[in-house]
Amino acid sequence: MASREPAHWWDVRRAQNLKPATYRCPLCGRRLPALSEHMLIVPDGDSSRRRHAHTACVMEARRNGGLPTRGEWARSQPRGPSLWRRLTHRGGDH
Ligand SMILES: [Zn+2]
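Residues numbered from 1 in each chain as written. Predicted model: local features only at pLDDT ≥ 70, side-chain atom pairs only at ≥ 80, totals over all residues. Heavy atoms only, no water.

### Considerations on the coordination of the zinc ion
Bound to the zinc ion are the protein donor atoms Cys25 (SG), Cys28 (SG), His54 (ND1) and Cys57 (SG), situated 2.1 to 2.4 Å from the metal. Classification of the site at the zinc ion rests on its 4 donor atoms, whose angles at the metal span 101 to 119 degrees, yielding the label tetrahedral. In the primary structure, the donors to the zinc ion are separated according to the pattern C-x2-C-x25-H-x2-C. Of this pair, Cys28 sits in the loop between β2 (22-24) and β3 (31-33) while Cys57 sits in helix α1 (residues 55-63), placing them 29 residues apart in sequence. The buried category is assigned to Cys57, whose relative accessible area is 16%. (Donors = N, O, S within 2.8 Å, 3.2 Å for Na, K, Ca; no water. Tetrahedral: all angles 85-135°; square planar, octahedral: opposite > 155°, others 65-115°. Helix = DSSP H or I, 4+ residues; strand = E, 2+ residues; numbered from the N terminus. Buried < 20%, exposed > 50% of the residue type's maximum accessible area, 1.4 Å probe, protein only.)

So this is what it looks like as structure tokens:
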């Protein structure tokens, strides 16, 4: 397993790339032709750090509990008293 960018969560989307470049998949370390069907993984939603990865590698990482989405990461966090309550407590309509 290649080393990964440190990130709390990942934005995963389908890559649309018409540039005939070759990337290196950060999940398996193998080469990835840009014109083949693949995915973009974006650590913490920071597109300047986005990486191209094989669709199969992304699927496998997800199956193994890796590459959590923002929503999955947020749910795994301890519920802070302030922000969470503000989001769930709607101005006292009981
Ligand atoms: Zn791969």
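### Let's talk about the environment of Ala53
Within the fold, Ala53 resides in strand β5 (residues 51-54). With 21 residues separating them along the chain, Ala53 and Leu32 place their C-alpha atoms 7.2 Å apart.

### Regarding α1
Inspection of α1 places Thr55, Cys57, Val58 and Ala61 among the buried residues, and these make up the whole buried set. Taken around the axis of α1, the buried residues stretch over an arc of 165 degrees, which confines them to a single face. The outward face of α1, more than 90 degrees from its buried face, is lined by the exposed residues Ala56 and Arg63. Backbone geometry just after α1 places Gly65 at a positive phi near 85 degrees. (Arc of directions from axis to C-beta.)

### Focus: the pattern of salt bridges
Applying the stated rule across the entire model yields 5 salt bridges. The partner of Arg14 in a salt bridge is Glu37, and the shortest N-O contact between them spans 2.5 Å. Remark: Glu37 occurs in the loop between β3 and β4 (38-43) and Arg14 occurs in strand β1 (residues 10-14); sequence separation between them is 23 residues. For the salt bridge of Asp44 with Arg49, the shortest nitrogen-to-oxygen distance reads 3.5 Å. Residue Asp44 is classed as partly exposed on the basis of its relative accessible area of 27%. Residue class for Arg49 comes out partly exposed when judged on its relative accessible area of 26%. (Salt bridge = Lys/Arg side-chain N within 4 Å of Asp/Glu carboxyl O.)

### Considerations on the pairing of β4
Of all 6 residues that make up β4, 6 are buried, and the element is covered over most of its length. As paired strands, β1 and β4 are joined by 5 bridges and run antiparallel to one another. Each bridged residue has a counterpart across the sheet, and for Arg13 the counterpart in β4 is Leu40. Pairing analysis gives 4 bridges linking β4 to β5, with the strands arranged antiparallel. (Pairing = 2+ DSSP bridges.)

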